[in-house]
Amino acid sequence: RKKVHNMSKYYYHGIRNISDVNTVLEIFKSGGIKSKRMQNRSYKIGFNGVDYVSVCNKVSGEEYKNFSNNAFKKYIINRFCFIIDDTITAVRPKFIGDAINWNRIQLIKLITSDSNIRFTDMIDEWQIKDEIPLSYIIGIGIPVKEINNFLSLHQENAIKRNIRKIIDAIIEYAINLNLDIVDSSNDSFIEEYESKKNRSQKKLNLRK
């Protein structure tokens with residue numbers, strides 16, 4: 001299989017459900033994104049197991065056409081997502097493109113066959129051991145359109161006020177930590193963000 005061409009410089013960790021705004025806030029309060037083991041959640045779900053945190057590193061559009069099961073579409077676009085600096089140590093798992101055709105027993109046997117090899121069924125997944133401290137988080141994606149759609153579905157003003165209050169607290173944390181805040185609503189937000197970030201860093205280098 002040919003080498004996957006990674007498009008993004010940074011890593012992205014998304015919160016799958018828009019309603020889980022509390023999860024986003026808790027990450028700020030707890031000092032980072034923690035593995036299941038570090039959250040005392042010892043059950044195993046998915047290829048990342050209990051010791052690793054899954055992140056996305058966006059690949060080329062052609063790869064997404066070939067593999068519909070991917071982290072970008074499931075966890076990043078139109079989701080709350082944390083942008084993680086590329087200096088963090090991340091592992092590129094071995095990709096199993098046809099995992100959907102395997103039964104659970106076969107997959108478990110493969111995953112546990114060698115503790116030194118990580119596996120994934122998503123073309124753009126990487127994994128980070130134990131946790132992602134806040135010091136490595138450089139930005140946050142906020143899904144503006146999805147938030148508005150989500151709020152429009154709720155009739156109760158009390159629920160809307162509570163969600164807005166949590167989102168305000170998330171934004172306040174981001175501002176206080178001097179994080180980049182981007183709208184994760186459009187398909188090319190990663191390219192646009194990283195291009196802008198790269199230009200601003202070049203300007204800083206020229207001033208030195």
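The rules behind each value
For every chain, the first residue of the written sequence is number 1, and numbering continues from 1 onward in sequence order. Selection of residues for local features in this predicted model requires a pLDDT of at least 70, selection of side-chain atom pairs for listing and counting requires 80 or more, and totals for whole chains, interfaces and linings are taken over all residues. The side-chain values count all of the structure's non-hydrogen atoms but skip hydrogen atoms and water molecules. The way it works is that DSSP assigns letters per residue, a run of H or I at least four long becomes a helix, a run of E at least two long becomes a strand, and they are numbered from the N terminus. Relative accessibility thresholds used throughout: buried, under 20% of the residue-type maximum; exposed, over 50%; partly exposed, between the two (1.4 Å probe, protein chains only). We call two residues in contact whenever any of their non-hydrogen atoms come within 4.5 Å of each other. The criterion is simple. A nonpolar core is a set of buried Ala, Val, Leu, Ile, Met, Phe, Trp, Tyr and Cys residues joined through side-chain atoms within 4.5 Å. A residue counts as positive if it is Lys or Arg and as negative if it is Asp or Glu; His and the chain ends are not included. Salt bridge, as applied in this entry: a Lys or Arg side-chain nitrogen positioned within 4 Å of an Asp or Glu carboxyl oxygen. Under the rule applied, a polar contact is a pair of N or O atoms within 3.5 Å (in protein, one hydrogen donor and one hydrogen acceptor; residues adjacent in sequence only if both atoms are side-chain atoms). Using only the protein atoms, space was sampled on a 1 Å grid; points where a 1.4 Å probe fits but cannot get out form cavities, open sets with protein on both sides within 12 Å along at least five of seven lines form pockets, and lining residues are those with an atom within 4 Å of a point. Grid points are joined across faces, edges and corners, and a volume is the space filled by probe spheres set on the points. Ten residue types, Ala, Val, Leu, Ile, Met, Phe, Trp, Tyr, Cys and Pro, are classed as nonpolar, four, Asp, Glu, Lys and Arg, as charged, and the remainder, Gly among them, as polar. In this analysis, rings of Phe, Tyr and Trp, with Trp reduced to its six-membered ring, are considered paired at centre separations within 6.5 Å, and the interplanar angle assigns stacked below 30 degrees, edge-to-face beyond 60, and tilted for intermediate values. Definition used: whenever NZ (Lys) or CZ (Arg) falls within 6 Å of the ring centre and also within 35 degrees of the ring normal, the charge is taken to sit over that ring.

## A look at the overall build of the chain
Thought 1: Each helix and strand counted, the chain has 7 helices and 10 strands in total.
Thought 2: For the chain, the spread of C-alpha atoms along the principal axes amounts to about 50 × 50 × 35 Å.
Thought 3: A burial count over the chain gives 43% of its 208 residues as buried.
Thought 4: For the chain, contacts bridging at least 24 residues in sequence account for 83% of all contacts bridging at least 6.

## Some words on the nonpolar core
Thought 1: The biggest cluster of nonpolar side chains holds 29 residues, and the ones touching the most others in it are V24, F80, F82, I132, I140 and I170.
Thought 2: In terms of nonpolar packing, the next biggest core, distinct from the first, is built from 20 residues, Y12, F95, M122 and I190 among them.

## What about the side chain of R118?
Thought 1: The topology assignment puts R118 in the loop between α4 (104–111) and β6 (119–120).
Thought 2: Despite its burial, R118 pairs with no opposite charge; the closest candidate is D51, at 6.2 Å N-O.
Thought 3: From its side chain, R118 meets the backbone oxygen of N48 in a polar contact 3.1 Å long.
Thought 4: Among the polar contacts made by the side chain of R118, one reaches the side chain of Q127 at a distance of 2.7 Å.
Thought 5: The residues touching R118, leaving out its near neighbours within four places in the chain, are F47, N48, G49, Y52, V91, P93, K94 and Q127.

## Section: the pattern of salt bridges
Thought 1: What the rule picks out here adds up to 5 salt bridges.
Thought 2: Here K197 and D180 are joined by a salt bridge, their closest N and O atoms 2.7 Å apart. Here K197 is found in helix α7 (residues 189–207), whereas its partner D180 is found in strand β10 (residues 180–183), with 17 residues between them in sequence.
Thought 3: Overall, the relative accessible area of 19% leaves K197 in the buried class.
Thought 4: Classification of D180 by relative accessible area gives partly exposed; the value is 22%.

## Observations concerning the layout of surface pockets
Gaps left between atoms are located by rolling a probe of water-molecule size over the structure's atoms.
Thought 1: Looking at the largest pocket, its volume works out to about 940 Å³.
Thought 2: Lining the largest pocket are 36 residues, and of these H13, G14, K36, N48 and Y75 sit closest to its centre.
Thought 3: Every element with two or more residues in the lining of the largest pocket is listed here: β1 (11–15), α1 (21–30), β2 (32–34), β3 (52–56) and α3 (71–76).
Thought 4: Within the lining of the largest pocket, the residues separate by chemical class into 15 nonpolar, 12 polar and 9 charged.

## Thoughts on the packing of aromatic side chains
Thought 1: Counting across every chain of the model gives 7 aromatic pairs.
Thought 2: Ring geometry for Y11 against W126: centres 5.7 Å apart, planes inclined by 55°, an arrangement best described as tilted. Of the two residues, Y11 sits in strand β1 while W126 sits in strand β7 (residues 125–129), which places them 115 residues apart along the sequence.
Thought 3: Given the relative accessible area of 16%, W126 is considered buried.
Thought 4: Between F28 and F82 the ring centres are 5.5 Å apart and the planes differ by 65°, which places this aromatic pair in the edge-to-face class. Linking F28 in helix α1 with F82 in strand β4 (residues 80–84), this pair joins segments that are 54 residues apart in sequence. Both residues of the pair, F28 and F82, belong to the buried class.
Thought 5: Each member of the aromatic cluster is reached from another via a ring pair, and the members are F28, F82 and Y173.
Thought 6: Its guanidinium or amino end placed over the ring of Y75, R16 lies 5.4 Å from that ring's centre, counting from NZ or CZ.
Thought 7: In this arrangement the basic side chain of R118 is found over the ring face of Y52, its NZ or CZ atom lying 3.8 Å from the centre.

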